[in-house]
Amino acid sequence: MVNNVEYTYLNGYYKKRSQAQLIYYLATIVVVTKLILAYSEIIVLSPIINSLLNFTFILLMLLKILTTFRFKAKKIYIAFIVFAMMALYTSIQTDNYIILFSALGIIAIKNMNVRNIIRVSFYTKVFWLTIHFFCFLFAMLFFPNVVEYSLIGNEVRYRIFLSQPNTCAMLFLWAIFEYLYLNYEKLSFKKFLGCTIIFGTVLHITKSKTSIIVYILLWLLIWQKRRKVVQKIVCFFSKYGYVILSIFFVSITIIYNSLPFARTLNTMLTGRLAGAAKAYSMYGFTMFGQYLELGKKIEWDAVYGVTSIWLENAYSMMFINYGIIYAILIAVALWYASGYLTEKDKIFVCAMLIYGIGESYIVDIFLCFPLLIVAAAIYNKLEYLIKNYNTNDA
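Throughout what follows, the structure given in this document is the object of discussion. (Residues numbered from 1 in each chain as written. Predicted model: local features only at pLDDT ≥ 70, side-chain atom pairs only at ≥ 80, totals over all residues. Heavy atoms only, no water.)

Points about the overall build of the protein
Argument step 1. When helices and strands are tallied, the protein shows 16 helices and 4 strands.
Argument step 2. Expressed as a percentage of its 394 residues, the buried residues of the protein come to 53%.
Argument step 3. Sequence-distant contacts, at least 24 apart, represent 73% of the contacts inside the protein between residues at least 6 apart.
Argument step 4. Working note: accessible area of the protein is about 19,400 Å², and carbon and sulfur atoms make up 67% of it. (Helix = DSSP H or I, 4+ residues; strand = E, 2+ residues; numbered from the N terminus. Buried < 20%, exposed > 50% of the residue type's maximum accessible area, 1.4 Å probe, protein only. Contact = heavy atoms within 4.5 Å. Areas by Shrake-Rupley, 256 points an atom, 1.4 Å probe, with all protein chains shown as cover.)

Next comes the structure, spelled out in structure tokens:
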């Protein structure tokens, strides 16, 4: 039996942990709101509001860390302090705080249920994306002349008031993926049809090719998950895919002009390889991050065929912009976490890795969640499976 002293202690412990979890969920709402509105053309954040949201998120995460950060080994404290300081340095160097936000989210994930984090993120995304979608429909019906679009050849691409078509499709894609992850055990043809109608509408509007490929791939993996060959591919690719794709795309970035098939592959990836190769020729690689004038207009380069500095391949971007050290950390994390991830987790990690070929958002754990799952698996190890799946089977 538990005596009164023990009961009081346990009651206080669980109450404190519950409050700490609430702080993390609130921080998630803040950061997801900030990240979506950073792309919004309806609600434009002023520099003051943007800084206030950044400060609020950082403050909440620090509060969560201070509330639940209890380890016996001092070397764990040192490791996390070094990680946080490194992420802060990188964010200052790149003038982009995504790495710091992700680092704080990972450090603060102790005692958290990752499914609940994804659920909070999902509902926050749905709220803001619904507002933008209906504002777009309203504008198209009554004020079509004010709706801006991109024209590539004869293809009209709208962005639903969210920066650019691919960014718009990315936000909807990962909101749908969060829904699929949360309802994975209850997926049915009805849910597939509903998700496909919604996402098909977004794709019809944005014409985003990267998103449709990843969407189809994810469903194929889910449908064929019971096949032994699919299970082996998913297990292998989720564990080593990041290393393989990094070596492949970084190699092409370095020797782009020497590869006869590089131009063909570049055309298939709509100029992403040439953009990375040009950025590499100007800036080279970095270990801890460097500032790039992404989007900056330059004179026509006949060698690379580009008129601006841009990076959309996640693997090249990590080496050129954020830093090689983070590529190493992600590769090690995926390798180490493989033994703790479920089949479901690995399928979504595979989707993330393929998505990274065409888009660079995969390092942002609050927009693209698989790395959050990986971090939780490493952080809590067997406790992660028990907490999220009610099983002792690792």
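On we go.
Digging into the environment of Ala 333
Argument step 1. On the secondary structure map, Ala 333 appears in helix α13 (residues 324-337).
Argument step 2. Considering only alpha carbons, one finds Ala 333 and Val 374, 41 residues apart in sequence, at a separation of 7.0 Å.
Argument step 3. What Ala 333 contacts, discounting residues up to four positions off in sequence, is Val 374 and Ile 378.

Side note on the packing of aromatic side chains
Argument step 1. Evaluated as defined, the whole model comprises 34 aromatic pairs.
Argument step 2. Judged by centre distance (6.5 Å) and plane angle (70°), the rings of Phe 133 and Phe 172 are edge-to-face. Of this pair, Phe 133 sits in helix α5 (residues 114-142) while Phe 172 sits in helix α6 (residues 165-182); the two residues are 39 residues apart in sequence, bridging distant segments of the chain.
Argument step 3. On the numbers, 5.2 Å between centres and 45° between planes, the contact of Phe 236 with Tyr 240 is tilted. (Phe/Tyr/Trp six-rings, centres within 6.5 Å; stacked < 30°, edge-to-face > 60°.)

Brief notes about the packing of helix α9 (residues 228-254) against α13
Argument step 1. For the pair α9 and α13, interaxial distance at closest approach is 8 Å and the crossing angle is 160°. As far as their axial angle goes, α13 and α9 are roughly antiparallel. As α9 packs across α13, the resulting crossing turns out to be left-handed. Here Ser 238, Lys 239, Tyr 240, Tyr 242 and Val 243 of α9 come into contact with α13, specifically with Ala 327, Ile 330, Ala 331, Leu 334 and Trp 335.
Argument step 2. Split into classes, the residues belonging to the contact of α9 with α13 amount to 8 nonpolar, 1 polar and 1 charged. (Axes fitted to C-alpha atoms, helices over the stretch in contact; angles between N-to-C directions. Parallel < 35°, antiparallel > 145°, perpendicular 65-115°, else oblique. Left-handed = near helix turned anticlockwise from the far one by under 90°. Nonpolar A, V, L, I, M, F, W, Y, C, P; charged D, E, K, R; others polar.)

Describing a nonpolar patch on the surface
Argument step 1. A surface patch of nonpolar side chains, amounting to about 660 Å² of accessible area, comprises Phe 236, Tyr 240, Ile 244, Ile 328, Val 332, Trp 335 and Tyr 336.
Argument step 2. Elements supplying a minimum of two residues to the nonpolar patch: α9 and α13.
Argument step 3. With respect to the element layout, Tyr 336 can be found in helix α13.
Argument step 4. For Tyr 336, a relative accessible area of 34% puts it in the partly exposed group. (Patch = residues over 30% accessible without salt bridge, like charges linked within 9 Å, V, L, I, M, F, W, Y side chains within 5 Å. Salt bridge = Lys/Arg side-chain N within 4 Å of Asp/Glu carboxyl O.)

Points about the environment of Ala 279
Argument step 1. Residue placement: Ala 279 occurs in helix α11 (residues 272-283).
Argument step 2. We classify Ala 279 as buried; its relative accessible area is 0%.
Argument step 3. Through-space distance from the C-alpha of Ala 279 to that of Ser 316 is 9.4 Å; in sequence the pair is 37 residues apart.
Argument step 4. With sequence-adjacent residues up to four places away left out, Ala 279 is seen in contact with Gly 284, Leu 311 and Ile 320.

Here's the deal with the pairing of strand β1 (residues 149-152)
Argument step 1. The pairing of β1 with strand β2 (residues 155-158) spans 4 bridges and is antiparallel. Paired with Leu 151 across the strands is Val 156, a residue of β2.
Argument step 2. Turn length for the β1-β2 hairpin, with the two strands adjacent in sequence and antiparallel, is 2 residues, and the turn residue Gly 153 shows positive phi of about 70°. (Pairing = 2+ DSSP bridges.)

Brief notes about the side chain of His 132
Argument step 1. Structurally, the position occupied by His 132 is in helix α5.
Argument step 2. A distance of 2.7 Å separates polar atoms of two side chains, one belonging to His 132 and the other to Ser 40.
Argument step 3. Separated by 2.8 Å, the side chain of His 132 and the backbone oxygen of Trp 128 make a polar contact.
Argument step 4. When neighbours within four sequence positions are excluded, His 132 is seen to be in contact with Leu 37, Ser 40, Ile 42, Ile 160, Phe 161 and Leu 162. (Polar contact = N/O pair within 3.5 Å; in protein donor to acceptor, adjacent residues only side chain to side chain.)

Let's talk about the environment of Cys 135
Argument step 1. Structurally, the position occupied by Cys 135 is in helix α5.
Argument step 2. Here the alpha-carbon distance between Cys 135 and Ile 42, two residues 93 residues apart in the chain, equals 8.4 Å.
Argument step 3. Here Cys 135 is in contact with Ile 42 and Phe 161, once residues within four sequence places are set aside.

By themselves, these figures tell us nothing about what the structure is for.
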